[in-house]
Amino acid sequence: MRILLASSEVYPYSKSGGLADMVAALGKFLARAGHDVGLVTPLYRGIRERFRLLQPFRYRLEVPLGHATVSATLWTTAAPDGLRLYFVDQPAFFQRRGLYGEDDVAYADNAARFIFLSKAVAHLARHLTPPPEVVHVHDWHVGLVPLLIRDAAVRGGWREAPGTCLTIHNLAYQGVYPRAIYEATNLPWSYFTHEGLEFHGHVSLLKAGVAYADALTAVSPQYAQEIQTPEQGCGLDGLLRARAGRLSGILNGVDYEEWRTRNNPSLVHGYDLADPDGKAANKAALQHELGLPARPEVPLFGIVSRLVDQKGIDIELTALTELLASDIQVAVLGAGQPEFEEGFLRLADLHPEKVGVRLGYNHGLAHRIEAGSDFFLMPSKFEPCGLNQMYSLRYGTIPVVRATGGLDDSVIDIREDPARANGIKFHEYSSAALAKAIRKALALHGDPELVAHYRFNGMTADFSWDRTAAEYVAVYERIRRAAREAVPGATR
Ligand code: ADP
């Protein structure tokens with residue numbers, strides 16, 4: 001099948017979170033399964049310098065953006081598995097220090113930047129030869145694409161328009177902008193309705209996808225259910241319930257070729273189930289790297305996270321403040337809201353021998369914290385899928401998670417199934433409940449046999465991408481079948 005993916009970030013070219021990992025792996029495993037896969041993404045600053053194999057793609061994009069016409073050139077490269085990348089080179093929009101903003105402040109023109117990117121995707125979908133049969137977009141940045149394609153089919157005479165799929169990685173980010181920005185879409189106002197992309201008088205770019213995509217997916221089965229409730233629907237639960245027949249939940253996979261404990265250039269020592277000793281060596285190296293005392297016996301808790309409300313940082317700081325009276329160590333890597341960054345720095349100031357903090361983005365250290373920690377903390381308020389807990393499982397690091405979204409789908413608590421237990425779960429969103437879960441971790445740490453049981457279950461759990469990619473292909477096939485059955489030229 002010919003599939004065109006689109007995302008505002010893709011690993012290893014650009015990354016702020018799990019979206020980049022997921023899209024890269026989806027593209028790779030679809031291509032490996034024999035599909036013809038392209039992926040459209042912005043050319044951000046530094047990509048050409050870091051990836052010398054990028055070639056100019058002989059196509060010049062020109063799209064209207066309100067009253068202006070914006071042009072862009074394209075760069076392309078083929079990844080080893082056959083995935084073809086298309087980088088949209090629009091320097092005024094994308095050659096910047098950040099992907100979405102700087103110093104925790106979003107760029108003021110993000111609406112224009114990503115409406116432009118969406119138009120570039122829809123335009124390419126129409127002009128690539130051979131054209132894609134399915135266009136699969138990810139999150140709000142390219143949420144407008146399904147509507148742009150549909151409109152081009154209805155009003156622009158695009159008879160063979162591809163089917164569209166939108167994956168919701170995080171409903172909390174919707175790309176909601178003042179009504180005036182609608183001009184930049186060059187779409188008729190008939191779509192600016194309650195059933196369309198209007199959201200309380202504003203434009204919602206994600207809602208455009210939710211309303212008009214042929215298929216919708218969320219990144220875990222539980223999250224697909226949660227977003228249909230008023231509590232977690234972020235104002236779109238009604239529309240999602242109305243479109244429930246087209247919505248499915250597909251748990252993200254893990255790219256075990258990237259997230260591996262052997263021959264991993266980011267790790268100091270290789271290890272695996274058959275040879276677990278290297279894990280202790282990684283712990284010692286991590287303690288050294290973060291300036292913590294090299295003590296093999298102390299339980300070490302890892303945190304790698306965007307430091308934002310969603311991730312439960314408030315209850316984490318409160319719980320740790322209390323638990324740092326115990327003999328524990330904490331390794332933190334993250335960036336985000338200033339109050340959370342300062343909160344961790346304060347903890348490190350108070351307990352320099354127990355807390356090591358690195359602020360910013362550091363790919364290698366993320367791997368080393370996963371490998372060197374005994375436990376991994378993810379007390380998220382909500383978690384669409386979450387990848388870090390799955391990375392932890394493979395790295396033999398026991399996840400302590402709140403039972404929400406993909407965390408609940410991927411971690412098994414001893415109360416659910418003693419034989420398959422691989423982590424510790426708590427339910428209530430409170431620092432007291434988290435502290436209790438951490439105390440359970442401390443008790444578990446004192447029982448090496450039980451730790452070995454959890455580690456075995458974690459390291460043998462299989463979240464490989466072959467299964468995930470096959471589930472997406474099934475969705476694409478449903479879209480294609482529906483398109484074939486539709487009257488040619490009619491709207492879907
Ligand atoms: P989300 O996408 O909501 O941020 P996930 O758990 O799905 O959460 O994915 C997070 C991804 O981002 C993981 O690959 C994690 O290692 C990475 N990550 C998050 N923060 C950092 C950071 N400060 N440095 C390096 N990697 C990070």
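Cut-offs used in this document
Residues numbered from 1 in each chain as written. Predicted model: local features only at pLDDT ≥ 70, side-chain atom pairs only at ≥ 80, totals over all residues. Heavy atoms only, no water. Helix = DSSP H or I, 4+ residues; strand = E, 2+ residues; numbered from the N terminus. Rg over C-alpha atoms; globule rule 2.2 N^0.38 Å. Buried < 20%, exposed > 50% of the residue type's maximum accessible area, 1.4 Å probe, protein only. Contact = heavy atoms within 4.5 Å. Areas by Shrake-Rupley, 256 points an atom, 1.4 Å probe, with all protein chains shown as cover. Lys, Arg positive; Asp, Glu negative; His and termini not counted. Charge placed at Lys NZ, Arg CZ, Asp CG, Glu CD. Domains from an automatic or database assignment. Buried area = accessible area lost by both parts, 1.4 Å probe. Salt bridge = Lys/Arg side-chain N within 4 Å of Asp/Glu carboxyl O. Polar contact = N/O pair within 3.5 Å; in protein donor to acceptor, adjacent residues only side chain to side chain. Nonpolar A, V, L, I, M, F, W, Y, C, P; charged D, E, K, R; others polar. Near = heavy atom within 4 Å. Core = buried A, V, L, I, M, F, W, Y, C linked by side-chain atoms within 4.5 Å.

## Describing the overall build of the chain
- The helix and strand inventory of the chain stands at 17 helices and 20 strands.
- For the chain, whose C-alpha radius of gyration is 23 Å, the value lies close to the compact-globule estimate of 23 Å for 492 residues.
- Its C-alpha atoms give the chain principal-axis dimensions of about 70 × 45 × 40 Å.
- Across the 492 residues in the chain, those meeting the buried criterion constitute 59%.
- Considering only contacts in the chain between residues 6 or more positions apart, those separated by 24 or more positions represent 71%.
- Accessible area of the chain: about 19600 Å², with a carbon and sulfur share of 53%.
- Taking the 51 positively charged and 56 negatively charged side chains of the chain as two groups, their mean positions are separated by 6 Å.

## Observations regarding the domain arrangement of the chain
- Here the chain is partitioned into domain 1 (2-253 + 466-486) and domain 2 (277-461).
- If you average the C-alpha positions of domain 1 and of domain 2, the two centres end up 32 Å apart.
- In this complex, domain 1 contributes 20 residues to the contact, which on the side of domain 2 involves 20 residues.
- Roughly 1500 Å² is buried in total at the junction of domain 1 and domain 2, and carbon and sulfur atoms are behind 54% of that figure.
- Taken as a group, Asp104, Gln222 and Leu251 account for 27% of the area that domain 1 buries against domain 2, more than any other trio of residues on that side.
- Summed over the shared surface of domain 1 and domain 2, the result is zero salt bridges.
- Counting across the interface, domain 1 meets domain 2 through nine residue pairs in polar contact (both at pLDDT 80 or more).
- For the side of domain 1 that touches domain 2, the secondary-structure elements that each account for two or more residues are α1 (18-32) and α7 (221-226).
- With four residues, α7 is the largest single contributor of residues to the side of domain 1 that touches domain 2.
- Considered class by class, the residues forming the side of domain 1 that touches domain 2 number seven nonpolar, nine polar and four charged.

## Here we look at the pattern of salt bridges
- For the structure on display, the rule yields 26 salt bridges.
- Where Asp255 meets Lys28, a salt bridge forms, and the shortest distance between an N and an O atom there is 2.9 Å. Here Asp255, found in the loop between β14 (247-249) and α9 (277-289), pairs with Lys28, found in helix α1; they are 227 residues apart in sequence, far enough to count as distant. The two residues Asp255 and Lys28 agree in class, both being buried.
- Each of Lys28, Arg32, Asp81, Asp255 and Glu257 takes part in salt bridges that share partners, so that together they form one network.

## A word on the site of the ligand
- Lining the immediate surroundings of the ligand are 21 residues, of which Lys15, Gly18, Arg306, Lys311 and Gly360 lie closest.
- Within the side chain of Asp21, one N or O atom sits 3.0 Å away from an oxygen atom of the ligand.
- For the ligand, an oxygen atom lies 2.7 Å from a polar atom in the side chain of Lys311.
- Compared with its free state, where it exposes 560 Å², the ligand has 93% of that area covered by protein.
- Of all the secondary-structure elements, those providing two or more residues to the shell around the ligand are α1, β15 (300-307), β16 (329-336) and α13 (388-394).
- Per-element tally for the shell around the ligand: the top contributor is β15, with three residues.
- Across the shell around the ligand, the residue classes tally to eight nonpolar, eight polar and five charged.
- Among the domains, domain 1 (2-253 + 466-486) and domain 2 (277-461) are the pair contributing at least three residues each to the shell around the ligand.

## Observations regarding the nonpolar core
- Core analysis: the biggest nonpolar cluster contains 106 residues, and Leu30, Val88, Phe116, Leu144, Val210, Leu240 and Tyr476 have the highest contact counts within it.
- The element that contributes the greatest number of residues to this core is helix α4 (residues 110-127), accounting for eleven residues.
- Not counting residues within four places of it along the chain, the set of residues in contact with Val88 comprises Val40, Thr41, Pro42, Leu43, Leu61, Ala72, Thr73, Leu74, Phe94, Phe116, Leu117 and Ala120.
- Listed in part, the 35 residues of the second largest apolar core include Ile315, Phe340, Phe375 and Ala433.

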